[in-house]
Amino acid sequence: TVQEKIKGMEYATIQEVWDDVKLVWSNCCLYNGEDHIYCMWAKGLEQEFDKKIQAVIDRYSLEAIERRKEEREGRRIEKQIEEMQQRIRDLKENPRKALETPGSVCMTEDLDRSLEKQEIERAGHLLNSLDPVTTVKAYDLIERLCPASLSENEHGDYDVYPDRMNLRLFRELEKLQER
């Protein structure tokens, strides 16, 4: 049945589900006749199913996913703009304090320094939270920016040591995670 195939994850696409369900409606009318009440119900159910499946297709289409991704990116940029505007207001209000505040527009970071304890912990959590594709990108970054934080183990795999990372690599990994 269609339900068993769905549970068994036998369908590769939504179109395959749609085709099988339409076949159920068609067979109902073929078996019972066009004027039978079951056929009329099947036609009504088919119309409802078409609406529901179209909503699923619309929600999970590449265009819809891209649109949601762009909306998230827009919100992220708006937040960054708000933060920058706040920093500018802070700078105007108290220039001396703004110069002394870590992370302020006026401060520069030593990107080649070792990570502090809190950053090492965050780097470990960050690396463990990445999906497989992003993990590959992260390993490429690590190899390029701070190869000392990679070490080959006895199985031929590479282990990452966040305590050996520098701030430059950590910042790049944070950017990679945001994407």
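In what follows, the accompanying structure is described. Along each chain, residue indices are assigned from 1 in the same order as the chain's sequence is written. Restriction of local features to residues with pLDDT of at least 70 applies here, the model being predicted, together with a cutoff of 80 or more for giving and counting side-chain atom pairs; totals for whole chains, interfaces and linings are based on all residues. Each side-chain value is derived from all of the structure's non-hydrogen atoms; neither hydrogens nor water enter the calculation.

Examining the pattern of salt bridges
For side chains bearing opposite charge, pairing can occur when the charged atoms are close.
So, point 1. The rule for a salt bridge is simple: a side-chain nitrogen of Lys or Arg has to be within 4 Å of a carboxyl oxygen of Asp or Glu. Taken as a whole and assessed by the stated rule, the structure comprises 8 salt bridges.
So, point 2. For R76, the salt bridge goes to E73, with nearest N and O atoms at 2.6 Å. Linking R76 with E73, this pair stays in helix α4 (residues 62-93), spanning 3 residues, or about one helical turn.
So, point 3. Burial classes follow relative accessibility: with a 1.4 Å probe on protein chains only, a residue under 20% of its type's maximum area counts as buried, one over 50% as exposed, and anything between as partly exposed. R76 gets classed as partly exposed once you look at its relative accessible area, which sits at 29%.
So, point 4. Classification of E73 as partly exposed rests on a relative accessible area of 34%.
So, point 5. One continuous salt-bridge network, built from bridges that share partners, spans R122, R171 and E174. Helix and strand definitions follow DSSP, with helices as H or I runs of at least four residues and strands as E runs of at least two, each counted in order from the N terminus.

Here's the deal with the packing of helix α7 (residues 132-145) against helix α8 (residues 167-178)
So, point 1. For the pair α7 and α8, interaxial distance at closest approach is 10 Å and the crossing angle is 160°. Taken together, α7 and α8 sit at an angle that is classed as roughly antiparallel. Remark: the crossing between α7 and α8 carries right-handed chirality. From α7, T134, K137, A138, L141, I142 and L145 reach across to α8, where they touch R168, L169, E172, L173 and L176.
So, point 2. Residues are grouped as follows: Ala, Val, Leu, Ile, Met, Phe, Trp, Tyr, Cys and Pro are nonpolar; Asp, Glu, Lys and Arg are charged; every other residue, Gly included, is polar. Residues of the contact of α7 with α8, tallied by class, amount to 7 nonpolar, 1 polar and 3 charged. Axis definition: a line fitted to C-alpha atoms, limited for helices to the stretch in contact. Angles are taken between N-to-C directions and run from 0 to 180 degrees. Here roughly perpendicular refers to angles of 65 to 115 degrees, roughly parallel to angles under 35, roughly antiparallel to angles over 145, and oblique to all remaining angles. Whether a crossing is left-handed or right-handed is set by the direction in which the near helix is turned from the far one by less than a right angle, anticlockwise for left-handed and clockwise for right-handed. The contact criterion used throughout is that any non-hydrogen atoms of two residues lie within 4.5 Å.

Some remarks on the nonpolar core
So, point 1. Formed by 17 residues in total, the largest nonpolar core has its most connected members in L127, I142, M165, L169 and L173.
So, point 2. Counting only elements with at least two residues in this core, the list comes to α6 (117-129), α7 and α8.
So, point 3. Ranked by the residues each element gives to this core, the list is headed by α8, at 5 residues.
So, point 4. Setting aside residues no more than four positions away along its own chain, M165 makes contact with R113, S114, L115, A123, L127, I142, C146, S149, V160 and L173.
So, point 5. Only buried residues count toward a nonpolar core. Its members are Ala, Val, Leu, Ile, Met, Phe, Trp, Tyr and Cys residues joined through side-chain atoms within 4.5 Å. Grouped together as the second largest cluster of nonpolar side chains are 7 residues, V17, V21, C28 and A42 included.

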